[in-house]
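Spelled out, the chains give:
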Amino acid sequence: MTAQLIDGKAFSARIRAQVAEHVTRLKADHDLTPGLAVVLVGEDPASQVYVRSKGKQTVEAGMASFEHKLEADTSEADLLALIDRLNADPEVHGILVQLPLPKHLNEDLVINSIDPAKDVDGFHISNVGLLGTGQKSMVPCTPLGCLMMLRDFHGSLSGLDAVVIGRSNIVGKPMAQLLLGDSCTVTIAHSRTRDLPEVVRRADIVVAAVGRPEMVPGDWIKPGATVIDVGINRIDAPEKGVKEDGSVKTRLVGDCHFDSCAAVAGAITPVPGGVGPMTIACLLANTVTACCRAHGLAEPEGLTA
Ligand code: GUN
């Protein structure tokens, strides 16, 4: 391996420490405790794990955590009524509705009912518009984490060629906007892109966010490029043997084939331990930012785009 490893675990710990420091100051100087409300509808196991982890890290940073767990058959009216209450609650500075929602709920309607100032996911149409026009907004957590890592590694990103693989509203599109905001030349590639390998080979920065295990091989990567792997995919790992129930053990891999990409890239994020831990750290950062903005206070430096 020639690439430098970008350690998201260590980086996210630094961000969380900065958040905790800011929270301590908000309490001491302004008698303010930032509060994050997380709403989970239904019992999706992966979502339950995320929500538990979010609550734990919110409390560890000294903030207030409000968890609302609703039945899978909760009506849209009841969910919207809860969001209205959270919008009006002065102790709640950030609101996150865990996605995906059960099929009978209209995700766009629900997200757009959150007060944009409390939309710590940055998914509200107002925040999407503000980000797209280069105005102050709440920025989606995963792309914000990627941007922080890229800025930390490169310093200035100005003039670099960036290719974002994946056009989701949660990662691909906001990532492209952030890179454009930092003056990269940005290409968004997706499943219909012609000659994807050639497109990726032009990039100084590759952000892979497609959700396909090990889709990007090393021979697509320009020597010395920076690879940010957003994918978290679980695949069978027969080399690890079998579990007690006889099923094959599994392992986590990214959207990039790590060994071959690391042999060519200048820097790369591992999976796990790369982008993953940055997402919750940025959620905590966004909650502090929202709290500061709500009270007309100076925002924490280095924790926003
Ligand atoms: N589900 C998977 N990722 C996310 C995220 O970043 N925010 C929310 N609200 N739900 C998610």
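Every chain begins its residue count from 1, and numbering advances along the sequence as written. Restriction of local features to residues with pLDDT of at least 70 applies here, the model being predicted, together with a cutoff of 80 or more for giving and counting side-chain atom pairs; totals for whole chains, interfaces and linings are based on all residues. The side-chain figures draw on all heavy atoms in the structure; neither hydrogens nor water molecules are used.

Caption draft 1: Focus on the packing of helix 2 (residues 45-60) against helix 10 (residues 276-294). Running from N to C, helix 2 and helix 10 cross one another at 50°; their axes reach a closest spacing of 10 Å. Here helix 10 runs oblique to helix 2, going by the angle between their axes. With respect to the hand of their crossing, helix 2 and helix 10 are arranged in right-handed fashion. Mapping the contact onto sequence places Ser53, Lys54, Gln57 and Thr58 in helix 2 and Ile280, Leu283 and Leu284 in helix 10. Here an angle of 0 to 180 degrees is reported between the N-to-C directions of two axes, which are lines fitted to C-alpha atoms, with helices fitted over the stretch in contact. Counting from the N terminus, the helices are DSSP H or I runs at least four residues long and the strands are E runs at least two residues long. Angles are sorted into four bins: roughly parallel if under 35 degrees, roughly antiparallel if over 145, roughly perpendicular if 65 to 115, and oblique for all others. Here a crossing is taken to be left-handed if its near helix is turned anticlockwise relative to the far helix by less than a right angle, and right-handed if that turn runs clockwise. Pairs of residues are marked as contacts when any of their non-hydrogen atoms sit within 4.5 Å.

Caption draft 2: The arrangement of the site of the ligand in detail. Here a residue counts as near a molecule or strand whenever at least one of its heavy atoms sits within 4 Å of it. Around the ligand lies a shell formed by Leu96, Val97, Gln98, Leu99, Asp121 and Phe123. The separation between a nitrogen atom of the ligand and a polar main-chain atom of valine 97 is 2.8 Å. Any pair of nitrogen or oxygen atoms within 3.5 Å is treated as a polar contact; in protein, a donor-acceptor pairing is required on top of that, and neighbouring residues in sequence qualify only through side-chain atoms on both sides. Here a nitrogen atom of the ligand sits 2.6 Å away from a polar atom, N or O, in the side chain of aspartate 121. What sets the accessible areas is the Shrake-Rupley method with a 1.4 Å probe; for residues, cover comes only from the shown protein chains. Bound to the protein, the ligand loses 79% of the 280 Å² it would expose on its own. Amino acids are sorted into nonpolar (Ala, Val, Leu, Ile, Met, Phe, Trp, Tyr, Cys and Pro), charged (Asp, Glu, Lys and Arg) and polar (every other residue, Gly among them). A per-class count over the shell around the ligand returns four nonpolar, one polar and one charged.

Caption draft 3: Fine view of the environment of leucine 252. By secondary structure assignment, the location of leucine 252 is in strand 10 (residues 250-253). Whether a residue is buried, partly exposed or exposed follows from its accessible area with a 1.4 Å probe, protein chains only, as a fraction of its type maximum: under 20%, in between, or over 50%, in that order. For leucine 252, a relative accessible area of 29% translates into the label partly exposed. C-alpha separation for the pair leucine 252 and valine 230, spaced 22 residues apart in sequence, amounts to 12 Å. Those residues in contact with leucine 252 that sit more than four places away from it in its chain are Ile232, Asn233, Arg234, Val271 and Pro272.

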